[in-house]
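Chain by chain, the residues:
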Amino acid sequence: MKSNLVRTARRRHIFQRKALVLAIGSIISGFAGTAWSQATRGTIQGTVPIQANETIQITGGAGFSRTVSVDTSGKYSITLPVGTYTVSLLQDGKVVQSRSDVSPVAGGAVAVDFSSASGGKNIANLSGVVVTASAIPPIDVSTTNQVTTITAEQLRQLPLGRSAADIAMLAPGVNMGSPQLSSGPLGTPINVFGGASTAENAYYIDGMNVTDALTAQGGIELPYGAIEQQQTFISGYGAMYGRSIGGVINQIGKSGSNQWHFGVRAQWEPAGTPWKADKRNYYFANPLETDPGLSPGDLSTYNKGNHAQETVYDAYVSGPIIKDKLFFFLAAEQDNTSGTTIGSVESPFAYDYQVHAPKLYAKLNWNINDSNLLTVTGLQSSNKTWQTDYNFDYDTLKTGTFSNLDQTAKTKFSMWTANYTSYLTDDLTLNAMLGKTRGEYYTEQPGYPGFDPDLPHVGSPSVQNPAFVPPGGIVNSQTNSQQSDPSHRVDVTSYRLSLDYKLGNHDIQVGIDNINSWDLNDGAEMTGPGYAWYYGSGDPGTPLFGTGPNSPPYVAPSPDCTTGPDGKTHCYYVMQRIDRSSASVKVIQRAQYIEDNWQVTPNLLLNLGLRNDQFTNFDGSGVPYIRLTKPQWAPRLGFSWDVHGDSTLKVFGNAGRYYLALPLTTATSIAAPVTATNLYGTYTGIDPATGEPIGFTPLPQTPSTGVSIDNEYGQPKDPRVSTAQNIQAEFSDNYVLGAQQQF
């Protein structure tokens, strides 16, 4: 089967902008250090001169308005949705000072302090003052972890690729994973955090886990123009979150306001753009290889013929539905990529591909009243690929005649999440989140002149008996041996509930964090008549498989032996292969946590947390094959020391244990029925039109109906033998000690 190279189409190459990245590093570090205990909300806090009848009023463009009291020590604090606010100090209900353009980052805190204009003057005698916040606030000393936050304004200015992985590369210790090994569920690249694998990260949108539940490789992403903030967590997030031992990418979508906004944008990268395709030729280098065309220095892969182009269209509109009450933000993105990739000399084809990746995003913000807020986010993102294959002549380095159309693949994810916040009192806040994600996976084989869907796939034609075929063998138009179940989908339901209580110098959170995941109709069927033919050759007198007929699986030696041009004896055979599977499985994840952010002194913060994770994986029969429901305690400890007391130098550290569940796809291979058999036999000829064997005669084998390497004959898997009886969850113990200095 020819190699399908369309997966490389979505590879994002980072242009050589390292000097610029280093230049902005100190700016970005000014936003680093937020806590991930609030994935969609930030905190505004500060101190004021102690006077009678003081309150703090916070208002925002999205109709947010709330007044909080000042405690006896002159401190105030409020956690609120990410946005831009005006903070005012009121005395006897009248504004005496205010600061505008205050924008806390998600999970972070921004200090807004008020003081008298001339030391000892009573603040009540001050007239109103408006102060615009600095574009680069001091280091956030109110949290204990490592995080880099990039805002929408920075995204407009920085020359970045248009993916979450490209943005995450601005954080220290983050690298791009190999595109040859993995990509996200929608073809996007995946990061590696601090040496962890690409399957050990977590992805969030507006507080909801949108990691690919099927493979844990990557997640869903917002349209680039709809990102309000993206946070890249390296380590040290609090007990409220888990299920990651690598890194975390948290995206927060934009919201509407009382003002109307709209815009459109187009971006085109032409086919000649050097970083869009690999242009380096590859050559053979094995000094032991002597076959003509495969010797050291011979061309292996002609990449100079590769090219790609990309066009991206964006549009958005936002505004009020009901002034000060109900707002919307709507954004759409269409990303089209097309190009050509040349296969190797051993797979001499030119693959012309197209990739369409549309995204549609919507958000509603409802200010029910001053104490109750509701946000609903919706996102649909898909990736569809088409591919046409042409013969490629490595002698002339020219593309030749049409070969075939490859399978068309489409993956679509839809998600929604609702976040509810209720300020029960000035000190007690209730947060609830409910959301669902659906992933749909679909492939189909388009028809074309000369294609016969009823033919079986023919594999390994190069080892067909040369007495019956020309060099290279004979194949047919059925280029794929399998096709995925078109009804395959993944459903995920997430829900969280937490209480946040401020008690003196303590900010205590307690809650639950649950996810239910279902993988439905996951499997594949054989194309054509339900089987494929694979040719092979063995050594004289040597069993093709196993050691003897009484020790299955076993296949006797092939008697069809001839001496080839290389002077060696080859014994030819063919296998009738059946490889099919279908299963519906699920994973249940539960967690409970408690966390305390304790301001021990004005300059020292401690984060103390404890989390309990439970995982249960169910096989295709609905029986648990992994049940880890006993307490799996994950302690979290962190500190933040504001060395000079002015937020210019922060020394911090954290230690914690992080658990990770197995993804859904594990069950489809080790805990669900699979039929994978090969019926071995000899043949007396090969059909010159289809490549099918003529005169197929089964060889002596045990079982006689075909052998399976892994004893997969379609029988249900026994959950008692699918996994070790004393299996434990994967976890990582992380320790970090660091410092941040503002320059």
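Calculation rules
Residues numbered from 1 in each chain as written. Predicted model: local features only at pLDDT ≥ 70, side-chain atom pairs only at ≥ 80, totals over all residues. Heavy atoms only, no water. Helix = DSSP H or I, 4+ residues; strand = E, 2+ residues; numbered from the N terminus. Buried < 20%, exposed > 50% of the residue type's maximum accessible area, 1.4 Å probe, protein only. Contact = heavy atoms within 4.5 Å. Areas by Shrake-Rupley, 256 points an atom, 1.4 Å probe, with all protein chains shown as cover. Lys, Arg positive; Asp, Glu negative; His and termini not counted. Charge placed at Lys NZ, Arg CZ, Asp CG, Glu CD. Pairing = 2+ DSSP bridges. Axes fitted to C-alpha atoms, helices over the stretch in contact; angles between N-to-C directions. 1 Å grid on protein atoms, 1.4 Å probe; cavity = no way out; pocket = protein on both sides within 12 Å on 5 of 7 lines; lining within 4 Å. Points joined across faces, edges and corners; volume = space filled by probe spheres on them. Nonpolar A, V, L, I, M, F, W, Y, C, P; charged D, E, K, R; others polar. pLDDT = per-residue confidence, 0-100. Patch = residues over 30% accessible without salt bridge, like charges linked within 9 Å, V, L, I, M, F, W, Y side chains within 5 Å. Salt bridge = Lys/Arg side-chain N within 4 Å of Asp/Glu carboxyl O. Polar contact = N/O pair within 3.5 Å; in protein donor to acceptor, adjacent residues only side chain to side chain. Phe/Tyr/Trp six-rings, centres within 6.5 Å; stacked < 30°, edge-to-face > 60°. Lys NZ or Arg CZ within 6 Å of the ring centre and 35° of its normal. Disulfide = S-S within 2.5 Å.

> Could you give an account of the overall build of the protein chain, naming the residues involved and the relevant values?
Counting its regular elements, the protein chain contains 5 helices and 43 strands. If one aligns the C-alpha atoms of the protein chain with their principal axes, the spans along those axes are about 105 × 55 × 50 Å. Here the protein chain, with 743 residues, has 51% of them falling under the buried criterion. Taking all contacts inside the protein chain whose residues are at least 6 apart in sequence as the whole, residues at least 24 apart take part in 71%. Carbon and sulfur atoms provide 56% of the accessible area of the protein chain, an area that totals close to 32400 Å². Separation between the mean location of the 48 positive side-chain charges and that of the 61 negative ones in the protein chain comes to 6 Å.

> Residue-level account of the sheet that holds strand S4 (residues 75–81), with values.
Overall, mixed pairing links the 3 strands, which are arranged S4-S1-S7 in an open sheet. The strands lining the two open edges of the sheet, one partner per strand, are S4 and strand S7 (109–111). Taken pair by pair, the neighbouring strands of this sheet meet at an average axis angle of 20°, ignoring direction.

> Quick rundown of empty space enclosed by the protein? Include the residues and the values.
Applying the stated criterion across every chain yields a total of 12 cavities of 30 Å³ or more. Here the largest cavity defines a volume of roughly 290 Å³. Around the largest cavity, the lining comprises 21 residues; the ones closest to its centre are Thr-211, Asp-212, Ala-213, Ala-216 and Gln-589. The set of elements that each furnish at least two residues to the lining of the largest cavity consists of strand S29 (506–526) and strand S33 (569–601). A breakdown of the residues in the lining of the largest cavity according to their chemical character gives 13 nonpolar, 6 polar and 2 charged.

> Which residues make up the sheet that holds strand S13 (residues 208–209), and what values go with them?
Ordered by their spatial adjacency, 5 strands build an open sheet running S9-S14-S15-S12-S13, and the pairing between neighbours is mixed. At either margin of the open sheet sits one strand with a lone partner, and together these are strand S9 (146–151) and S13. For strand S14 (residues 227–235) and strand S15 (residues 248–253), the ladder comprises 6 bridges, and the chain directions are antiparallel. In the strand pairing of S15, Gln-229 is matched with Ile-252.

> Please give an account of the confidence of the model for the protein chain that cites residues and values.
Averaged over the protein chain, the pLDDT score is 86; the fraction of residues at 70 or greater is 92%. This model gives residues 1–38 a pLDDT under 50, and the stretch forms 121 contacts once residues within four places in sequence are excluded. Taken together, the stretch residues 117–136 has pLDDT below 50 and engages in 32 contacts with residues farther than four places along the chain or on a different chain.

> How would you explain a nonpolar patch on the surface if you had to name every residue and give the values?
On the surface, a cluster of nonpolar side chains totalling about 520 Å² of accessible area is made up of Leu-424, Leu-499, Val-510, Ile-594, Leu-610 and Trp-633. Secondary-structure assignment places Leu-610 in strand S34 (residues 604–618).

> Before we move on, can you summarise the environment of Val-721 with the specific residues and values?
Here Val-721 lies in helix H5 (residues 719–722). We classify Val-721 as exposed; its relative accessible area is 65%. For the pair formed by Val-721 and Ile-670, sequence separation is 51 residues and the distance between their alpha carbons is 9.4 Å.

> So what's going on with the side chain of Thr-211? Which residues, and what values?
With respect to the secondary-structure elements, Thr-211 resides in the loop between S13 and S14. Judged by its relative accessible area of 18%, Thr-211 is buried. Of the polar contacts made by the side chain of Thr-211, one reaches the side chain of Asn-209; its length is 2.8 Å. Residue contacts for Thr-211: discarding those within four places in its chain leaves Asn-201, Ala-202, Tyr-203, Ala-216, Gly-218 and Gly-219.

> Tell me what's going on with the packing of aromatic side chains, and back it up with residues and numbers.
Counted under the stated rule, the structure contains 19 aromatic pairs. Ring geometry for Tyr-204 versus Tyr-241: centroids 5.3 Å apart, planes at 90°, classification edge-to-face. Taken together, the positions of Tyr-204 in strand S12 (residues 202–205) and Tyr-241 in the loop between S14 and S15 put the pair 37 residues apart, joining distant regions of the chain. Aromatic side chains Tyr-535 and Tyr-683 sit 5.3 Å apart centroid to centroid with 85° between the ring planes, which places their arrangement in the edge-to-face category. With Tyr-535 in strand S30 (residues 532–538) and Tyr-683 in the loop between strand S38 (674–682) and strand S39 (685–686), this pair connects stretches of sequence that are 148 residues apart. The residues Tyr-535 and Tyr-683 share a single accessibility class, namely buried. Feature note: the residues Tyr-390, Phe-402, Tyr-448 and Phe-451 constitute an aromatic cluster, connected by ring pairs. Sitting over the face of the ring of Phe-114, Arg-99 holds its NZ or CZ atom 5.8 Å from the ring centroid. Geometry around Phe-652 places Lys-650 over its ring, the cationic atom sitting 5.2 Å from the centre.

> Lay out the pairing of strand S5 (residues 85–91) in plain terms, naming residues and giving numbers.
On a regular strand, one side chain projects to one face of the sheet and the next to the other, so that they alternate. Of all 7 residues in S5, 6 are buried; the element is thus mostly enclosed. Taken together, the 7 bridges between strand S2 (residues 54–60) and S5 define a ladder with antiparallel strand orientation. Bridge pairing links Ile-58 to Val-87 in S5. Across 6 bridges, S5 lies against strand S6 (residues 94–102) in antiparallel orientation. In the sheet register, Leu-90 faces S6, and the bridge partner there is Val-95.

> Can you break down the side chain of Ser-382 residue by residue, with the values?
As for its position among the elements, Ser-382 is in strand S22 (residues 372–393). On the accessibility criterion, Ser-382 (10% relative accessible area) is buried. Leaving out residues up to four positions away in the same chain, Ser-382 has contacts with Leu-186, His-356, Ala-357, Pro-358, Lys-410, Thr-411 and Lys-412.

> Let's hear about the state of the cysteines: which residues, and what values?
Evaluated as defined, the whole model comprises 1 disulfide. The disulfide partner of Cys-561 is Cys-571, and the S-S distance across this bridge is 2.0 Å. The chirality of the disulfide connecting Cys-561 with Cys-571 is right-handed, given an S-S dihedral of about 105°. Of this pair, Cys-561 sits in strand S32 (residues 561–563) while Cys-571 is found in strand S33, placing the two residues 10 residues apart along the sequence. Exposure remark for Cys-561: the relative accessible area of 31% places this residue in the partly exposed category.

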